[in-house]
Amino acid sequence: MSWLLALGSFTVFVLLVVHLFLSLVLIIPTWRICTRAGFSGALSLFHLVPVIGSFIVMGMLAFSTWPAGEAGPRR
């Protein structure tokens, strides 16, 4: 029966490692997007918050007024 607890602990560890890896992959491009939009790049660190972190960043970028102004249509 103890093998079942070990399997659960291993699963939690794997999920934590995968979450951290994906968060780190997303932080670098999001940092650049935030700084170009006029926000602090530290906003991209919300990706480290499990489950809702990426939604917070997307919501901030999508529904707020950008301090640097929005890009116009390209010609």
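Quick note: structure is the one above.
This report concerns the structure included in the present document. (Residues numbered from 1 in each chain as written. Predicted model: local features only at pLDDT ≥ 70, side-chain atom pairs only at ≥ 80, totals over all residues. Heavy atoms only, no water.)

1. Here we look at the environment of Leu16
And then number 1: Considering the arrangement of structural elements, one finds Leu16 in helix α1 (residues 2–37).
And then number 2: Each C-alpha atom, one on Leu16 and one on Pro50, is 9.3 Å from the other, the two residues being 34 residues apart in sequence. (Helix = DSSP H or I, 4+ residues; strand = E, 2+ residues; numbered from the N terminus.)

2. A short note on unusual backbone geometry
What is expected of a backbone is that most residues other than glycine have negative phi and most peptide bonds are trans.
And then number 1: Despite not being glycine, Val51 has its phi angle at roughly 70°, a positive value.
And then number 2: Along the chain, the position of Val51 falls in the loop between α1 and α2 (53–63).
And then number 3: Assessed through its relative accessible area of 71%, Val51 is described here as exposed. (Buried < 20%, exposed > 50% of the residue type's maximum accessible area, 1.4 Å probe, protein only.)

3. Brief notes about the environment of Gly53
And then number 1: Of note, Gly53 is situated in helix α2.
And then number 2: The spatial distance from the C-alpha of Gly53 to the C-alpha of Ser23 is 9.3 Å, given a sequence separation of 30 residues.
And then number 3: Ignoring any residue separated from it by four or fewer positions in sequence, one finds Gly53 in contact with Phe46 and His47. (Contact = heavy atoms within 4.5 Å.)

4. Describing the side chain of His47
And then number 1: Note that His47 resides in the loop between α1 and α2.
And then number 2: His47 gets classed as buried once you look at its relative accessible area, which sits at 7%.
And then number 3: Here Ser54 takes part through its side chain, which lies 2.9 Å from a polar atom of the side chain of His47.
And then number 4: Setting aside chain neighbours within four positions, we find His47 in contact with His19, Ser23, Leu26, Ile27, Thr30, Gly53, Ser54 and Val57. (Polar contact = N/O pair within 3.5 Å; in protein donor to acceptor, adjacent residues only side chain to side chain.)

Note that every value here comes from positions in space, so none of it alone points to a role or purpose.
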